[in-house]
Amino acid sequence: MDNLLVTNALIIPMTGTRRSFTGYVRVHEGAIAEVSAGELPAAAHAERVINASGCVLMPGLINAHTHLYQVLLRAVWEDLELMPWLRRIYGSARVLRPEHFYAGSLLGCVEAIRSGVTTVCEHNFLNPSVECAFETLRAIQDSGLRAVFARTIMDTGEIVPECVKEQPDAAFRHIENILAKHDRSADLTFMTGPNTPPINTTPSLLREIRRFADDKSLGISAHVAESKSVVECVRQQHGKNGVVEFLQGFGIPGPNSIFAHSVHISSDEIALLKQTGTSVSHNPVSNMMLGDGVAPVVEMLRQGVNVALGTDGAASNHSQDLFDTMKAASLLQKVHHQDAGVIDPYSVLRMATIGGAKALGLSSVCGTIEVGKRADLILIDIDTIHSQPINDIFSQIVHCAKASDVRTVMVNGKILMRERKLMQQDEKEILTNARKAHRDLTERLASLSF
Ligand SMILES: [Zn+2]
């Protein structure tokens, strides 16, 4: 589609401070060509016009941290804290097959699209065979989502099965192979990283990862200080006070690094994140589900750390719904600080849009509605019982709107969902395949003991 007009929308551009206006956006060859307030001029012409009356038009949401295949593992291991839960997640690698990754990841992508997500960062960490990463990537590409694929590495750990432990050289060869077989563009970028240092990564791997990432111009994604138990481990094994401090010794923090969770970090470590330009993906629903604790989001924002939002995998969420996550992010800080004004809804919206884009190295590509950026846009119906009447649109997107209010989703101006109907994919077929993969995985899991 060459030319598309979205008219009569309540536009939230997410540029600068709180701003919304009624107007129209013109999309040309996948990019935003015009953003204007008011009525469309009579002479305006487009091959396609979407009348968005009653809808908010905003940048597509950015899920800065997830494991898509885990939709097959919703509500399988519950009521467990991080370490015993991870033992099961890692242990499941013994029976995970490439087809599980494809079917699960595609279902995860569809759930993301249906909740207004246009970019996902897939933190890939279980690769019992090399095809698993390829199948995950194939699912993401089939979905039409913009993606960052973070292929991470584990080389140690009592709870990590041998089939997913890798020697650095072998892992790097696998990543080089992935890079060789995919075009790197703004539609699909790559990262690497240690999975959950230090519980599954040796110091020498950390050193090698920094070198490899620099050599290949890759960002770094890692699970950082998710629970107290991880911090305890870094204290006992490495004599450091915290995980960020430990990682600093290997040059892992940096402007192209995204640290998921960052729940148990000190003020000095927050300062270190700011100093090094490291971003954080805040995953409040997952943190609450696993009883991890509350990330110091307010302190990070006050210190100027860039914070993005993530769902994390559905095995600890149990969805891919960023609307849930936005509301949780807001309410969790309010109750934690026992201060209703401690975080404002616009800051939460920033985390879910431009904060995510910045964290993933995509701030010139998406995350705001601005001329020249790619047309990653969503329409949210606000003419609903639970959203009317409108008093504060920013608060009401965060606290009233639901994923099911998202009507239309486009990436690069290409419409992935129109009036809640998927345009590129057969939803029934995806669901059937995911159920089949789930049945097979469940049977295989029954043969394991943890
Ligand atoms: Zn995660």
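All values derive from a computational prediction rather than experimental measurement.

Draft legend 1. Structural detail: the coordination of the zinc ion. Within the protein, the zinc ion binds to His65 (NE2), His67 (NE2), His223 (NE2) and Asp312 (OD); these donor distances fall in the range 2.1 to 2.3 Å. Note that the zinc ion binds four donor atoms; their angles at the metal cover 86 to 172°, and the shape is irregular.

Draft legend 2. Just the packing of aromatic side chains, in detail. As enumerated under the stated definition, the model contains seven aromatic pairs in all. Here the aromatic rings of tyrosine 90 and phenylalanine 125 are separated by 6.1 Å at their centres, their planes lie at 65°, and the arrangement is edge-to-face. Note that tyrosine 90 is positioned in helix H1 (residues 82–91) and phenylalanine 125 in the loop between strand E7 (117–124) and helix H3 (131–143), a separation of 35 residues in sequence. In this structure, tyrosine 90 and phenylalanine 125 share a single accessibility class: buried. Between phenylalanine 246 and phenylalanine 250, the ring centres sit 5.2 Å apart and the planes meet at 70°, which makes this aromatic pair edge-to-face. Of the residues examined, phenylalanine 250 reaches a relative accessible area of 13% and is grouped as buried. Residue placement shows arginine 138 over the ring face of tyrosine 102; its charged tip is 3.9 Å from the ring centre.

Draft legend 3. Inspection of the side chain of threonine 196 at higher detail. If you trace the backbone, threonine 196 turns up in the loop between strand E9 (188–192) and helix H5 (203–216). If we ignore the near neighbours within four places in the chain, the residues touching threonine 196 are Tyr90 and His223.

Draft legend 4. Examining the state of the cysteines more closely. One pass over the full model with this rule turns up zero disulfides. No disulfide involves cysteine 132; its sulfur sits 9.3 Å from that of cysteine 163, the nearest cysteine. A residue is classified by how much of its surface remains accessible, and cysteine 132, at 0% relative accessible area, is buried. With no disulfide partner, cysteine 366 has as its closest neighbouring cysteine sulfur the one in cysteine 121, 12 Å distant.

Draft legend 5. Representation of helix H4 (residues 168–180) in the model. Between the first and last C-alpha of H4 there are 18 Å, a value that for 13 residues agrees with the 18 Å anticipated at 1.5 Å per step. Those residues of H4 that fall on the buried side of the exposure criterion are Pro168, Ala171, Phe172, Ile175, Ile178 and Leu179. The buried side chains of H4 occupy one side of the element, clustering within an arc of 115° when seen end-on. In this structure, H4 carries Asp169, Arg173 and Ala180 as exposed residues pointing more than 90 degrees from its buried face. Where the residues of H4 are buried, they touch H3, strand E8 (146–151), E9 and H5.

Draft legend 6. View of the packing of helix H11 (residues 322–337) against helix H12 (residues 345–352). H12 packs onto H11 with a crossing angle of 135° between their chain directions and a minimal axis gap of 10 Å. Relative to H12, the element H11 lies oblique. Like other packed secondary-structure pairs, H11 and H12 cross with a definite hand, here right-handed. On H12, the residues touching Met326, Ala329 and Ser330 of H11 are Val348, Leu349 and Ala352.

Draft legend 7. Just the sheet that holds E9, in detail. If you walk across this open sheet you meet the eight strands as E6-E7-E8-E9-E10-E11-E12-E13, and the pairing is parallel. Bordering the open sheet on either side are strand E6 (61–66) and strand E13 (307–309), each of which pairs with just one other strand. Here the strands of the sheet are splayed against their neighbours by 25° on average, with no regard to which way each runs. Pairing geometry for E6 and E7, over four bridges, is parallel. By the bridge assignment for E7, isoleucine 62 is matched with threonine 119. Running at roughly 75° to E13, H12 makes contact with E6 and E13 of the sheet.

Draft legend 8. Quick peek at the packing of helix H2 (residues 98–114) against H3. Their axes nearest at 8 Å, the elements H2 and H3 cross at an angle of 30°. Of the possible angle classes, the one that applies to H2 and H3 is roughly parallel. Helix-helix and strand crossings are classified by hand; for H2 and H3 the assignment is right-handed. Contacts between H2 and H3 pair Pro98, Phe101, Tyr102, Ser105, Leu106, Cys109 and Ile113 from the former with Glu131, Cys132, Glu135, Thr136, Arg138, Ala139, Ile140, Asp142 and Ser143 from the latter. Looking at the contact of H2 with H3 residue by residue, the classes come out as nine nonpolar, three polar and four charged.

Each value, and the rule that gives it
Residues numbered from 1 in each chain as written. Predicted model: local features only at pLDDT ≥ 70, side-chain atom pairs only at ≥ 80, totals over all residues. Heavy atoms only, no water. Donors = N, O, S within 2.8 Å, 3.2 Å for Na, K, Ca; no water. Tetrahedral: all angles 85-135°; square planar, octahedral: opposite > 155°, others 65-115°. Phe/Tyr/Trp six-rings, centres within 6.5 Å; stacked < 30°, edge-to-face > 60°. Helix = DSSP H or I, 4+ residues; strand = E, 2+ residues; numbered from the N terminus. Buried < 20%, exposed > 50% of the residue type's maximum accessible area, 1.4 Å probe, protein only. Lys NZ or Arg CZ within 6 Å of the ring centre and 35° of its normal. Contact = heavy atoms within 4.5 Å. Disulfide = S-S within 2.5 Å. Expected span 1.5 Å × (residues − 1). Arc of directions from axis to C-beta. Axes fitted to C-alpha atoms, helices over the stretch in contact; angles between N-to-C directions. Parallel < 35°, antiparallel > 145°, perpendicular 65-115°, else oblique. Left-handed = near helix turned anticlockwise from the far one by under 90°. Pairing = 2+ DSSP bridges. Nonpolar A, V, L, I, M, F, W, Y, C, P; charged D, E, K, R; others polar.

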